[in-house]
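Secondary and tertiary structure notes
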Amino acid sequence: MNKFITILKLFPLVLSAVKAVEESVPLPSQGKAKLDLVLNVVQQAYEGSTELSQSFSWDKLVAVVVPMIGNIVNAHNALGLFSKSAPATAA
C-alpha cells in the first residue's frame, strides 16, 4: 500500500513537470526531448529522496512514470490544453 500512496503523491509532481516542460518548450515533434527532460528532473528528485529510492529502484520508477507522462500528454492533447506552436515560415 505504501508504494501505491507514493505513486499517487508523484502524480501532481509529474503533472507539474510535464506542464512546465510543455510551456517552456512548445515545439512540435520534440516529444523525446521533452520526455528526457522530465525524466532528468524526476531522476534528480529520485536521487535526492530517501523515501523514493527506498520504495523503488530507478528502473521500476521509470516503468511507472513513463506511462504516467504518456497519459498526461495524451489527455492534454485530446483536450486541447497544450497549445500548438506554428511551424516557422521562411521569409
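For the structure, see preceding data.
Overview of the structure. Keep in mind the model is a prediction, meaning the values are calculated, not measured.

This next bit is on the overall build of the chain. Scanning the chain for helices and strands turns up four helices and zero strands. For the chain, the N- to C-terminal ordering of α and β elements is α-α-α-α. Looking at the chain as a whole, 25% of its 91 residues qualify as buried. Carbon and sulfur atoms provide 62% of the accessible area of the chain, an area that totals close to 6200 Å².

Attention now goes to the side chain of T6. Topologically, T6 is positioned in helix α1 (residues 2-24). For T6, a relative accessible area of 6% translates into the label buried. A polar atom in the side chain of T6 sits 2.8 Å from the backbone oxygen of N2. In contact with T6, other than residues within four places in its own chain, are E51, L52, S55 and F56.

Here we take up the pattern of salt bridges. Under the criterion given, the structure shown has three salt bridges. Taking the shortest distance from any N to any O, the salt bridge between E51 and K9 comes out at 4.0 Å. Here K9 lies in helix α1 and E51 lies in helix α3 (residues 50-55), a separation of 42 residues in the sequence. For the salt bridge of E22 with K34, the shortest nitrogen-to-oxygen distance reads 2.9 Å. Taken as a pair, E22 in helix α1 and K34 in helix α2 (residues 31-48) lie far apart in primary sequence, 12 residues in all. The class for K34 is buried, based on a relative accessible area of 13%.

This paragraph deals with a nonpolar patch on the surface. A cluster of nonpolar side chains, contributed by F4, I5 and L8, occupies part of the molecular surface with about 290 Å² of accessible area. If you trace the backbone, F4 turns up in helix α1.

This brings us to α1. Taking 1.5 Å of rise per residue, the 23 residues of α1 would be expected to cover 33 Å, and the 33 Å separating its terminal C-alpha atoms lies within 8% of that figure. Of all the bends in α1, the greatest, near 30 degrees, is centred on F11, and the proline P12 appears no more than four residues after it. Among the residues making up α1, those that are buried are T6, L10, V14, L15, A17, V18, V21 and E22. Looking at the buried positions of α1, the neighbouring elements they touch are α2, α3 and α4 (58-79).

So, how was this worked out
Residues numbered from 1 in each chain as written. Predicted model: local features only at pLDDT ≥ 70, side-chain atom pairs only at ≥ 80, totals over all residues. Heavy atoms only, no water. Helix = DSSP H or I, 4+ residues; strand = E, 2+ residues; numbered from the N terminus. Buried < 20%, exposed > 50% of the residue type's maximum accessible area, 1.4 Å probe, protein only. Areas by Shrake-Rupley, 256 points an atom, 1.4 Å probe, with all protein chains shown as cover. Polar contact = N/O pair within 3.5 Å; in protein donor to acceptor, adjacent residues only side chain to side chain. Contact = heavy atoms within 4.5 Å. Salt bridge = Lys/Arg side-chain N within 4 Å of Asp/Glu carboxyl O. Patch = residues over 30% accessible without salt bridge, like charges linked within 9 Å, V, L, I, M, F, W, Y side chains within 5 Å. Expected span 1.5 Å × (residues − 1). Bend = angle between axes of the 7 residues up to and from the residue.

Coordinates in, geometry out; function isn't part of it.
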